[in-house]
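Given next are the chains, with one letter for each unit.
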Amino acid sequence: MPQVVSVWVRDPRIQKNDFWHAYIDYEICLQTDSVCFTKKISTVRRRYSEFVWLRQKLQANSQLMARLPELPPKNPFFSLNSSRQITERMKGLQKFLEQILQNPLLLSDSCLHLFLQSRLSVSKMQACAAGQTLYSVAQAVQRCGLRRFRSEEDMQKDPSMSCDSDSDSSECTDPELRNKDFPTNKADGAASFMGTSQEETISCPCGST
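This one's a predicted model, so the numbers in the text were calculated from it and none came from an experiment.

J.: Got a minute to help me understand the overall build of the protein chain in this structure?
T.: Helices and strands together make up the secondary structure of the protein chain, namely six helices and five strands. Scanning the protein chain from its N terminus toward the C terminus, one meets helices and strands in the order β-β-β-α-α-α-α-α-β-α-β. Of the contacts made within the protein chain by residues no fewer than 6 positions apart, 65% connect residues no fewer than 24 positions apart. Of the roughly 11,300 Å² that the protein chain leaves accessible, carbon and sulfur atoms contribute 49%.

So this is what it looks like as structure tokens:
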């Protein structure tokens, strides 16, 4: 039976760095029965520049063995006040992720898992994927929880509905500060992927999605 990975990009929100600088981030909801994923249901928020980082890392790590889909182009005239531009970009980002998740080779990349299922910043995702943190990829994913997830039927009825997450921030508390809280029983993580010392890929028995 084929494994299913479903992803939704929605709920754009304007985030302000300060009075003069703002950006839009998007909610990414993932639901899957794939053995490649530690968590079967998750939600995070990411901005466009983080998608750009992800594509660059996936391309570098796959060593040109995978043909990556394109992101929606960066528009120098992109307006936070244009609902049409925001919607078009959001649809393009979802299409990008849907195509990425259909590639078994890319499903083993730790950067992809951190992007989709942790709320670490780009710098911390990069460090974790390179094995430069006290916590593994699996631990970073497990640290960011989810209270409740809207059913697929609910989401189809109203795509604007948000997943109920623990935080709207794209970065949760640094797991390094609470490393002692992680499970130490190796058996508990037998079905999970773990971080590697190189920023390449992680092995998992991925089939077709």
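Resuming the write-up.
J.: Would you mind showing me how to read helix H1 (residues 48–61) here?
T.: The end-to-end C-alpha distance of H1 is 20 Å, a good match for the 20 Å that 14 residues give at a rise of 1.5 Å each. Here H1 has its buried residues at Tyr-48, Glu-50, Phe-51, Trp-53, Leu-54, Arg-55, Lys-57, Leu-58 and Asn-61. Along its buried surface, H1 packs onto strand E2 (22–32), strand E3 (41–47), helix H2 (83–100), helix H3 (110–117) and helix H4 (122–129).

J.: Sorry, what's going on with the packing of H1 against H3 here?
T.: Angle between the axes and distance between the axes are the two parameters that describe a pair of packed helices. Contact geometry for H1 and H3: axes closest at 9 Å, N-to-C directions at 160°. Relative to H3, the element H1 is oriented roughly antiparallel. Considering the relative orientation of H1 and H3, their crossing is left-handed. Facing H1, whose interface residues are Glu-50, Phe-51, Trp-53, Leu-54, Lys-57, Leu-58 and Asn-61, H3 presents Cys-111, Leu-112 and Phe-115. A per-class count over the contact of H1 with H3 returns seven nonpolar, one polar and two charged.

J.: Got a minute to help me understand the pattern of salt bridges in this structure?
T.: Counted by the stated rule, this structure contains seven salt bridges. Among the ionic pairs, Arg-45 bridges to Asp-25, the shortest N-O distance being 3.0 Å. Of this pair, Arg-45 sits in strand E3 while Asp-25 is found in strand E2, placing the two residues 20 residues apart along the sequence. Taking relative accessible area as the criterion, Asp-25 reaches 4% and is therefore assigned buried. As a salt-bridge pair, Arg-55 and Glu-70 come within 3.2 Å of each other at their nearest N and O atoms. Placement of Arg-55 in helix H1 and of Glu-70 in the loop between H1 and H2 is noted, with a sequence separation of 15 residues between them. Given the relative accessible area of 60%, Glu-70 is considered exposed. Taken together, the shared-partner salt bridges connect Asp-11, Arg-13, Asp-25 and Arg-45 into one network.

What counts and what doesn't
Each chain carries its own residue numbering, running from 1 in the written order of its sequence. Only residues with pLDDT of at least 70 are given local features in this predicted model, and only at 80 or more are side-chain atom pairs given and counted; all residues enter the totals for whole chains, interfaces and linings. Side-chain metrics in this entry use all non-hydrogen atoms of the structure; hydrogen atoms and water are not considered. A run of H or I in DSSP counts as a helix once it spans at least four residues, and a run of E counts as a strand once it spans at least two, with each numbered from the N terminus. Whether two residues are in contact is decided by their heavy atoms: any pair within 4.5 Å suffices. What sets the accessible areas is the Shrake-Rupley method with a 1.4 Å probe; for residues, cover comes only from the shown protein chains. A helix is expected to reach a length of 1.5 Å times the quantity of its residues less one. Exposure categories follow from relative accessible area, calculated using a 1.4 Å probe and restricted to protein chains: below 20% of the type maximum is buried, above 50% is exposed, and the middle band is partly exposed. Axes here refer to lines fitted to C-alpha atoms; in helices the fit is confined to the stretch in contact. Angles between the N-to-C directions go from 0 to 180 degrees. Roughly parallel here means an angle under 35 degrees, roughly antiparallel means over 145, roughly perpendicular means 65 to 115, and every remaining angle is called oblique. Each helix crossing is assigned a hand: it is left-handed if the near helix lies turned anticlockwise from the far helix by less than a right angle, otherwise right-handed if that turn is clockwise. Throughout, the ten residues Ala, Val, Leu, Ile, Met, Phe, Trp, Tyr, Cys and Pro are labelled nonpolar, Asp, Glu, Lys and Arg are labelled charged, and all others, Gly among them, are labelled polar. Should a side-chain nitrogen of Lys or Arg be within 4 Å of a carboxyl oxygen of Asp or Glu, the pair is scored as a salt bridge.

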